[in-house]
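A closer look at the structure
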Amino acid sequence: MRFLLRPGWLAFIGVVAAFVVICYTLLAPWQFGREAERDAQQKAIDSATLAGPVPLGTLVPAGQGVTTGDEWRQVTVTGTYLPADESLVRLRVYDGKPAFEVLTSLRTDDGRLLAVDRGYVTAENGAIVPAIAPPPDGRITLTARLRVDETDPDKRPAFTSDGYRQQYVTDSRTLAAATGLALEPGYLQLAPGQPGVLNALPVEPDTGAGAAPFTNFSYALQWLTFGAIAVFACAYFVRLELLQRRKGEGRVADRTALRRALAGDDEDEPAQASETPLDDRYGRR
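Below is a short write-up of the structure. Owing to the predicted nature of the structure, the values given are computational and were not obtained by experimental measurement.

1. What about the overall build of the protein?
Tallying secondary structure elements over the protein gives six helices and eight strands in all. Listing the helices and strands of the protein from first to last along the sequence gives α-β-α-β-β-β-β-β-β-α-β-α-α-α. Per-residue burial for the protein yields a buried fraction of 35% across its 285 residues. Looking at the protein alone, contacts between residues at least 24 apart form 70% of all its contacts between residues at least 6 apart. Accessible surface computed for the protein: about 16900 Å², of which carbon and sulfur atoms make up 58%.

2. A closer look at the pairing of strand S4 (residues 113-122)
With nine of 10 residues buried, S4 lies mostly within the body of the structure. In textbook terms, the turn of a hairpin is the stretch between consecutive antiparallel strands, and for strand S3 (residues 97-108) and S4 this stretch comprises four residues, one of which, Gly111, has a positive phi near 90°. Of the strand pairs in this sheet, S4 and strand S8 (residues 187-190) are connected by three bridges, and their pairing is parallel. From the neighbouring strand, Asp117 faces S8, where its bridge partner is Gln189.

3. Brief notes about the pattern of salt bridges
Following the criterion strictly, the structure yields nine salt bridges and no others. In this structure, the salt-bridge partner of Arg139 is Asp109, at a minimum N-O distance of 2.7 Å. On the criterion of sequence distance, the pair formed by Arg139 in strand S5 (residues 139-147) and Asp109 in the loop between S3 and S4 is long-range, its members being 30 residues apart. A residue is classified by how much of its surface remains accessible, and Arg139, at 61% relative accessible area, is exposed. Each of Arg92, Glu101 and Glu150 takes part in salt bridges that share partners, so that together they form one network.

4. Considerations on helix H1 (residues 7-51)
Here H1 spans 64 Å end to end across 45 residues, near enough to the 66 Å set by a 1.5 Å rise per residue. At Cys23, H1 is bent by approximately 40°, the largest bend along its length. Here H1 has its buried residues at Trp9, Val16, Val20, Cys23, Leu27, Ala28, Gln31, Glu35, Arg38, Gln41, Ile45 and Ala48. Of the residues flanking the end of H1, it is Gly52, one or two places downstream, whose phi is positive at about 80°.

5. Some thoughts on the pairing of strand S2 (residues 74-94)
Of the pairings in the sheet, the one linking strand S1 (residues 54-55) to S2 comprises two bridges and is parallel in character. The partner of Val54 across the bridge, within S2, is Val75. With seven bridges joining them, S2 and S5 adopt antiparallel strand pairing. Bridge pairing in S5 places Gly79 opposite Ile140. Taken together, S2 and the strand that follows it, S3, pair antiparallel across an intervening segment of two residues, in which Asp95 is found at a positive phi of about 55°. Bridge analysis of S2 against strand S7 (residues 164-167) gives two bridges, and the strand direction is parallel. Within S7, the residue paired with Leu88 across the bridge is Gln166.

Rules and cut-offs
Within each chain, residues carry numbers counting from 1 in the order of the written sequence. Reporting in this predicted model follows two pLDDT cut-offs: at least 70 for local features of residues, and 80 or more for side-chain atom pairs to be given and counted; totals over whole chains, interfaces and linings ignore these cut-offs and use all residues. Excluding hydrogens and water, the side-chain values take into account all heavy atoms of the structure. Helix and strand assignments come from DSSP, with helices taken as H or I runs of at least 4 residues and strands as E runs of at least 2, each series counted from the N terminus. Under the scheme applied here, a residue whose accessible area is under 20% of the maximum for its type counts as buried, over 50% as exposed, and between as partly exposed, the area being computed with a 1.4 Å probe on protein chains only. Contacts were defined at the residue level, with two residues in contact if any of their heavy atoms lie within 4.5 Å. Methods summary: accessible areas were calculated by the Shrake-Rupley approach with a probe of 1.4 Å, and residue burial reflects only the protein chains presented. Two strands pair under a simple rule: DSSP has to find at least two bridges between them. The rule for a salt bridge is simple: a side-chain nitrogen of Lys or Arg has to be within 4 Å of a carboxyl oxygen of Asp or Glu. To estimate how far a helix should extend, the number of its residues minus one is multiplied by 1.5 Å. The quantity called bend is, for any residue, the angle between two axes fitted respectively to the seven residues ending at it and the seven beginning at it.

Structure follows, in C-alpha cells:
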C-alpha cells in the first residue's frame, strides 16, 4: 500500500475527498434547504388562499410595510394609480420568453403610497420594451397578494431606457428612490381580472419558479449519490492497482523460476550429492 504515498495518488485521493466533503456538507444540504423553503412557501400560499382577502389595514398598518409572516396573504385596497411613477422590472422570463414586469405606484384613499406589480408582458428580446397598456384612470378597488421586496445584491439603481424607467428587481425601495415617493416597503401582486392587471404573475414559490415539486429534493439525492460513487470509484482504482502489482510480482517470480530451470539450476542436486557416501566420491572401497 506504500504506492498510495506517491504524489499522483495523494493528489487523486485529495480531489476525491474534497468532492465528497462538498457533496455531503454543501451541495446536498443546500438543495434540501431549498426544498424545505419551497415547501414552507407553498404551505403559506395554500393557507393564504383559504383565508381569503381582508382589508390592507387589517394586516399591514400604515407605514409598517409587508413582513415575511404576512407574505402571500390576500388583501383589498382602494385608491388611484399613479402611471407617471411606474417602472419596468427587466430580465424576467415567463412561458419561456423574455418579459418585463410592470411596477406601478398607487395612492390609497387614506393616503398610503404602495407599489403594485401589475403582472408582466412578453417581448421579442430582453432589450426592446413591447407596448404596455396603461393602468385605468380614477378610483379603483384591487384584490392582491402581499409580497416582500426582492433584494438586488449589487444595489443597482433604476435607469431610463427606450423612454421607460427600468430596474433589475421587484423592489418598492428602488422605485421610491427613483420617483421620490415615500412608498411603503413591500408590494402588491395583482390577482387575475383586477383593474390594471396585464398577465398576472403565477402564484407559486420563488425557489425555482416553474420547477416541478420535489425537484430540489431530487437534486440533493443526486449529490449524495455522486459523493458515494466517488468513494467507490476511488476504492475500485486502489484495488485495481493492488491486483496489477500482485500480478506483476507473480510474473517476475515465474520468469525467475523459468530462467533457473533453463540454466539447469536444480535445488535438489546439492541435497542429493550430500547423501552420497564419502568413500564413493573418492573411489574408495
